[in-house]
Amino acid sequence: MSSLPVVAIVGRPNVGKSTLLNRLCGGRQAIVADEAGVTRDRLYREAEWTGYRFWVVDTGGVLFNEDTKYLPQIREQVELALAEAQVAILVVDGRDGTTAADQEIASWLRGRKLKVLIVVNKLEEPSTALGLAAEFWNLGLGEPYAISAMHGSGTGDILDAIVADFHPQTEFEEEQHPCIALVGRPNVGKSSLLNRLVGKKRSIVAAEAGTTRDAIDTLVNWEGKTYKFVDTAGIRRRARVDYGVESFGVVRSFQAMRRSDVVVLMLDATEGLSEQEMRLAGKVREEGRACILAVNKWDLVEKNEHTLLSYTEKLREDLYYLEWAPIIFISALTGQRVSKLYPLVDEAVTQHRRRVTTAVLNEVLKEATLRHSPPASRQGRQGRIYYGTQVSTRPPTFCLFVNDPKLFKDNYRKYIEEQFRGALGFSGTPLRLLWRGKTEREIERQGRQRVRVAVTAKS
Ligand code: GDP
Ligand code: GDP
């Protein structure tokens with residue numbers, strides 16, 4: 001359930017913290033963090049080293065001012081950053097030697113349960129570097145690392161030291177928290193909803209490495225869990241993130257969807273579906289993303305006892321291919337039911353990542369084929385399903401081995417999917433069914449136990 005480890009860079013001003021940050025994050029764009037409810041911004045960037053990924057946060061150069069007195073609010077910021085950090089990097093200037101401010105920061109760091117690396121910067125000259133760095137042993141933080149953030153020398157050693165104690169990360173672990181794309185046409189209420197969802201809770205906005213240029217994500221904590229809202233740059237206009245000329249258009253939404261687990265597709269209760277929304281909905285299906293349909297501005301709808309049902313029916317009809325997506329009626333303006341989105345996201349993501357055992361799957365297949373045997377060709381050739389197995393998740397993808405895929409037309413395929421859903425759930429996620437032709441001999445050669453679920457011949 002943990003997100004990526006955090007590495008905090010601390011030190012007095014002008015020692016080269018932001019230069020080092022740029023080095024560690026490989027020149028990826030600096031993103032100013034949008035910190036809800038606090039005064040000073042923090043800078044979060046993503047870095048990667050030998051397969052380990054982590055956040056690097058620059059705590060700012062103003063922790064200690066020139067006469068080594070701290071500004072309380074800023075100190076609070078640094079405290080916040082350090083509280084979630086696994087590693088702190090104390091940067092000092094090798095040409096200045098140890099200063100009183102360095103001493104003070106070091107003693108302040110020493111009492112913490114946190115790995116501290118002392119990094120001596122601005123040592124471009126190899127012949128003097130080690131000697132100058134050695135002076136900083138007196139900070140009592142272990143062996144100083146001599147580097148030049150500007151030239152990049154020595155930074156590999158720091159990176160090695162940073163990741164030395166990290167747990168091995170699997171792709172699954174690092175993607176633990178649900179990634180949500182909030183999409184919809186302009187004025188549907190995306191930024192209103194995002195502001196509601198983020199609320200007063202702490203959030204950070206950070207660059208995502210190696211993906212869309214300048215994509216900005218917002219992390220939100222809700223009831224102890226972290227949710228990532230993908231590419232919110234265009235959404236949080238009110239945060240005044242400087243974001244360039246590109247507008248948050250359909251293409252941008254598509255990119256966000258590709259990086260998400262679940263798409264919250266916002267619709268306007270006061271207006272019919274637009275072409276743009278149809279395109280977004282189509283893309284959800286194409287990309288195999290989990291989806292929640294959020295009908296916004298529900299406060300503006302005049303209601304009677306039929307309103308909800310008739311609206312739902314109409315929507316189901318229009319978006320029949322997202323029939324598995326839950327529908328929620330909300331008001332981003334009043335906040336009505338907005339908090340119910342989180343449990344829906346949880347459920348959709350769980351289902352999207354769910355795995356079903358082959359045994360269970362074939363039980364369901366057996367029942368389904370007994371109730372409705374597979375079709376036969378006009379020549380009387382009977383369709384047979386040998387067995388099925390789940391081959392992947394996100395979305396759950398099943399491979400069905402059959403004697404001849406051509407015998408299985410859309411209506412029977414649809415029937416099998418319905419049976420899967422009826423027996424196994426999978427609310428909120430699309431399913432993919434792959435129909436693969438195999439001869440009986442191939443099945444036997446593979447050593448698969450032949451389930452032979454389709455037995456009844458057409459009379
Ligand atoms: P910060 O205030 O700690 O974030 O420091 P900066 O990264 O803004 O750097 C302060 C100054 O030191 C800038 O003029 C940098 O160009 C310079 N600087 C940073 N790293 C190095 C380095 O490795 N060698 C030298 N010679 N100058 C550096
Ligand atoms: P975006 O372009 O999708 O980000 O939409 P905004 O969040 O900027 O909202 C567009 C307009 O719709 C604003 O004037 C909002 O105040 C308004 N709005 C958003 N959500 C609701 C809602 O649930 N009810 C009502 N009545 N107005 C809303």
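This write-up is about the structure you can find in this document. (Residues numbered from 1 in each chain as written. Chains lettered and ligands numbered in written order. Predicted model: local features only at pLDDT ≥ 70, side-chain atom pairs only at ≥ 80, totals over all residues. Heavy atoms only, no water.)

### Topic: the packing of aromatic side chains
Tallying each qualifying case throughout the model produces 13 aromatic pairs. Both rings, one in W298 and one in Y311, keep their centres 5.7 Å apart while their planes meet at 85°; by these two values the pair is edge-to-face. Here Y311 lies in helix 10 (residues 307–318) and W298 lies in the loop between strand 12 (290–296) and helix 10, a separation of 13 residues in the sequence. The same class applies to W298 and to Y311, which are both buried. Their ring planes at 45° and their centres at 4.3 Å tell us that W298 and F329 sit as a pair that is tilted. One end of the pair, W298, is in the loop between strand 12 and helix 10; the other, F329, is in strand 13 (residues 327–329), and 31 residues separate them in sequence. For F329, a relative accessible area of 7% translates into the label buried. Among the aromatic residues, ring-to-ring pairing joins F408, Y412, Y415 and W435 into one connected group. Over the aromatic face of Y321 sits the side chain of R285, whose NZ or CZ is 4.6 Å from the ring centroid. (Phe/Tyr/Trp six-rings, centres within 6.5 Å; stacked < 30°, edge-to-face > 60°. Helix = DSSP H or I, 4+ residues; strand = E, 2+ residues; numbered from the N terminus. Buried < 20%, exposed > 50% of the residue type's maximum accessible area, 1.4 Å probe, protein only. Lys NZ or Arg CZ within 6 Å of the ring centre and 35° of its normal.)

### A look at helix 1 (residues 17–24)
Those residues of helix 1 that sit buried are K17, L20, L21 and L24. Viewed end-on, helix 1 has its buried residues packed into an arc of 105°, placing them on one side of the element. Trailing helix 1 by a residue or two, G26 shows a phi angle of about 60°, which is positive. (Arc of directions from axis to C-beta.)

### Side note on the site of ligand 2
Near ligand 2 you find 17 residues, and of these N187, K190, S191, S192 and D299 are the closest. V188 is positioned with one of its backbone polar atoms (N or O) 3.3 Å from an oxygen atom of ligand 2. The separation between an oxygen atom of ligand 2 and a polar main-chain atom of K297 is 3.3 Å. Notes on ligand 2: free accessible area 570 Å², of which the protein chains cover 81%. At 3 residues, helix 7 (residues 190–198) tops the list of elements feeding residues into the shell around ligand 2. Its residues assigned to classes, the shell around ligand 2 shows 5 nonpolar, 6 polar and 6 charged. (Near = heavy atom within 4 Å. Polar contact = N/O pair within 3.5 Å; in protein donor to acceptor, adjacent residues only side chain to side chain. Areas by Shrake-Rupley, 256 points an atom, 1.4 Å probe, with all protein chains shown as cover. Nonpolar A, V, L, I, M, F, W, Y, C, P; charged D, E, K, R; others polar.)

### Focus on the site of ligand 1
Among the 15 residues in the neighbourhood of ligand 1, the closest are listed as N14, K17, S18, T19 and E124. Interatomic distance of 2.9 Å between a backbone N/O atom of N14 and an oxygen atom of ligand 1. Residue E124 places a side-chain N or O atom 2.4 Å away from a nitrogen atom belonging to ligand 1. Alone, ligand 1 offers 570 Å² of accessible surface; in the complex the protein occludes 72% of this. Ranked by residue count, the leading element in the shell around ligand 1 is helix 1, at 3 residues. The class makeup of the residues in the shell around ligand 1 is 4 nonpolar, 6 polar and 5 charged.

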